[in-house]
Amino acid sequence: MARIAIVTGAAGGIGSKFIEKISVMDDIDEIWAVGRNPEKLEALKTISSRIVPVIMDLSSVSCRVLSDMLKEKKPDVRILVNNAGTGYMGAFDKMSPEQVVQICNINCTAPAAIMSEVLPYMTKGARILNISSASSFQPDPYLAMYSASKVFLKNLSRAVNNELKARGITVTSVCPGWVDTGMLPKEVNGRKINYIGMLKPEKVVSRALKDSAKGKDMSVPGWFAKYFRFYSKITPTGIVMRQWAAIMGKYV
Ligand SMILES: NC(=O)c1ccc[n+]([C@@H]2O[C@H](COP(=O)([O-])OP(=O)(O)OC[C@H]3O[C@@H](n4cnc5c(N)ncnc54)[C@H](OP(=O)(O)O)[C@@H]3O)[C@@H](O)[C@H]2O)c1
């Protein structure tokens, strides 16, 4: 039975670092790289010959392609990384209803559905890493849908981790602050954005894999996300939101 890892958003900034790190693990036979763009997924084969592209647009609610592959190959899934995600900086009332639904589908419905599809193929020692965000620590004005979607993923991960203890399966919610990838605009409306405590994706991925191997249900890399988590716990939410809105509001 093939021992596999599945990574969504595999061609993105954080996803491709997961692919690099997992490709040197000698207990993984295949890495199923999930994404929308066949060329980008093919290009990942330069990292490892064990890459198997899985073309899926996660904004549509169905996981049929993955579900059919699992049924046909019946693999032993050792690692699932729900990494694909999207978000827009800006006011909620300027977003279209389609954008709102798209964020829910990609950031919430897809990872939950993929976990549900994959869990029957996981045994003791298997790991799920769900890429949430430090945005899950408080409601973020001007990132309202994004931060709400990341709370969903964080809480789902931690609760399911608790449930799966008896099966020896770990679910880790990965909550980085700003990460230097294509997701972050360099400027908005001509204003250069200063991302405090920005991390390189490799640091996020190394920390996440170490924390998940230790069985932790949370991985919070870097000083900024750690500080933000603590600050949001001890400060009234109204104050945190006012401060956040004052910083982000000048860019939107
Ligand atoms: N960058 C940050 O500051 C930061 C901070 C905290 C958490 N995160 C989270 O980290 C994860 C990875 O983001 P990143 O920073 O690496 O950004 P990225 O480079 O933009 O990667 C996002 C990935 O998600 C995929 N994706 C987006 N929409 C999709 C869809 N409809 N169907 C399938 N795949 C889709 C993208 O695929 P394509 O290549 O086809 O576009 C891409 O591979 C996300 O969940 C994000 O929310 C990022």
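Residues numbered from 1 in each chain as written. Predicted model: local features only at pLDDT ≥ 70, side-chain atom pairs only at ≥ 80, totals over all residues. Heavy atoms only, no water.

A.B. asks: Please clarify how the pattern of salt bridges should be interpreted in this entry.
C.D. replies: It is possible for side chains bearing opposite charge to pair when their charged atoms get close. Tallying each qualifying case throughout the model produces 11 salt bridges. Residues Lys186 and Asp180 are paired through a salt bridge, measuring 3.8 Å at the closest nitrogen-oxygen approach. Look at Lys186 and you get exposed, because its relative accessible area is 55%. Since its relative accessible area comes to 27%, Asp180 is described here as partly exposed. Arg207 is the salt-bridge partner of Asp211, the closest N and O atoms lying 3.2 Å from each other. Highlighted residues: Asp211 and Arg207, both in helix α6 (residues 201-213), separated by four residues, approximately one helical turn. Through salt bridges with shared partners, one network takes in Asp180, Lys186 and Lys200. (Salt bridge = Lys/Arg side-chain N within 4 Å of Asp/Glu carboxyl O. Buried < 20%, exposed > 50% of the residue type's maximum accessible area, 1.4 Å probe, protein only. Helix = DSSP H or I, 4+ residues; strand = E, 2+ residues; numbered from the N terminus.)

A.B. asks: Could you clarify how one ought to interpret the site of the ligand in this entry?
C.D. replies: Around the ligand, a shell composed of 27 residues is seen, among which Arg36, Asn83, Tyr146, Val179 and Thr181 lie nearest. One of the side-chain N or O atoms of Lys40 is found 2.9 Å from an oxygen atom in the ligand. Residue Asn83 places a main-chain N or O atom 2.7 Å away from an oxygen atom belonging to the ligand. Protein burial of the ligand: of its 890 Å² of free accessible surface, 91% is covered by the chains. At the level of secondary structure, the elements contributing two or more residues to the shell around the ligand comprise α1 (13-23) and α5 (144-163). The residue makeup of the shell around the ligand, split by class, is 13 nonpolar, 10 polar and four charged. (Near = heavy atom within 4 Å. Polar contact = N/O pair within 3.5 Å; in protein donor to acceptor, adjacent residues only side chain to side chain. Areas by Shrake-Rupley, 256 points an atom, 1.4 Å probe, with all protein chains shown as cover. Nonpolar A, V, L, I, M, F, W, Y, C, P; charged D, E, K, R; others polar.)

A.B. asks: Explanation requested: the pairing of strand β1 (residues 3-8) in the structure shown.
C.D. replies: The side chains of a regular strand alternate, residue by residue, between the two faces of the sheet. Within β1, five of the six residues are buried, which leaves the element mostly enclosed by the surrounding structure. Taken together, the five bridges between β1 and strand β4 (residues 76-82) define a ladder with parallel strand orientation. Looking at the pairing, Ile6 lines up with Leu80 of β4. The sheet contact formed by β1 and strand β2 (residues 30-35) spans five bridges and is parallel. By the bridge assignment for β2, Ile6 is matched with Trp32. Running through α1, the crossover from β1 to the neighbouring parallel element β2 is right-handed. (Pairing = 2+ DSSP bridges. Right-handed = clockwise from strand over helix to strand, strands pointing away.)

A.B. asks: What's the story with helix α4 (residues 97-118) in this structure? I'm lost.
C.D. replies: What sets the pattern is the α-helix's 3.6 residues per turn: residues three or four places apart point alike. In a regular helix each residue adds 1.5 Å, so 22 residues correspond to 32 Å; α4 covers 30 Å between its end C-alpha atoms and thus fits that length. Where α4 bends most, the angle comes to about 40°, and this point is Asn105. (Expected span 1.5 Å × (residues − 1). Bend = angle between axes of the 7 residues up to and from the residue.)

A.B. asks: Could you clarify how one ought to interpret the packing of aromatic side chains in this entry?
C.D. replies: For any two aromatic rings, the description comes down to two numbers: the centre-to-centre distance and the angle of the planes. One pass over the full model with this rule turns up six aromatic pairs. Between Trp223 and Phe224, the aromatic rings sit 5.8 Å apart at their centres with planes inclined by 85°, giving edge-to-face as the arrangement. We classify Trp223 as exposed; its relative accessible area is 56%. Arranged with centres 5.7 Å apart and planes meeting at 35°, the rings of Phe228 and Trp244 form a pair that is tilted. Here Trp244 lies in helix α8 (residues 237-249) and Phe228 lies in helix α7 (residues 223-234), a separation of 16 residues in the sequence. Here Phe228 and Trp244 have matching classes, each one buried. (Phe/Tyr/Trp six-rings, centres within 6.5 Å; stacked < 30°, edge-to-face > 60°.)

A.B. asks: What exactly am I supposed to notice about unusual backbone geometry here?
C.D. replies: Both trends apply: most residues other than glycine have a negative phi, and most peptide bonds are in trans. Positive phi, close to 45°, is recorded for Lys74, a residue that is not glycine. Here Lys74 is to be found in the loop between α3 (64-73) and β4. The backbone phi angle of Tyr142 is positive, close to 70°, even though this residue is not glycine. Residue classification places Tyr142 among the partly exposed residues on the basis of a relative accessible area of 29%.

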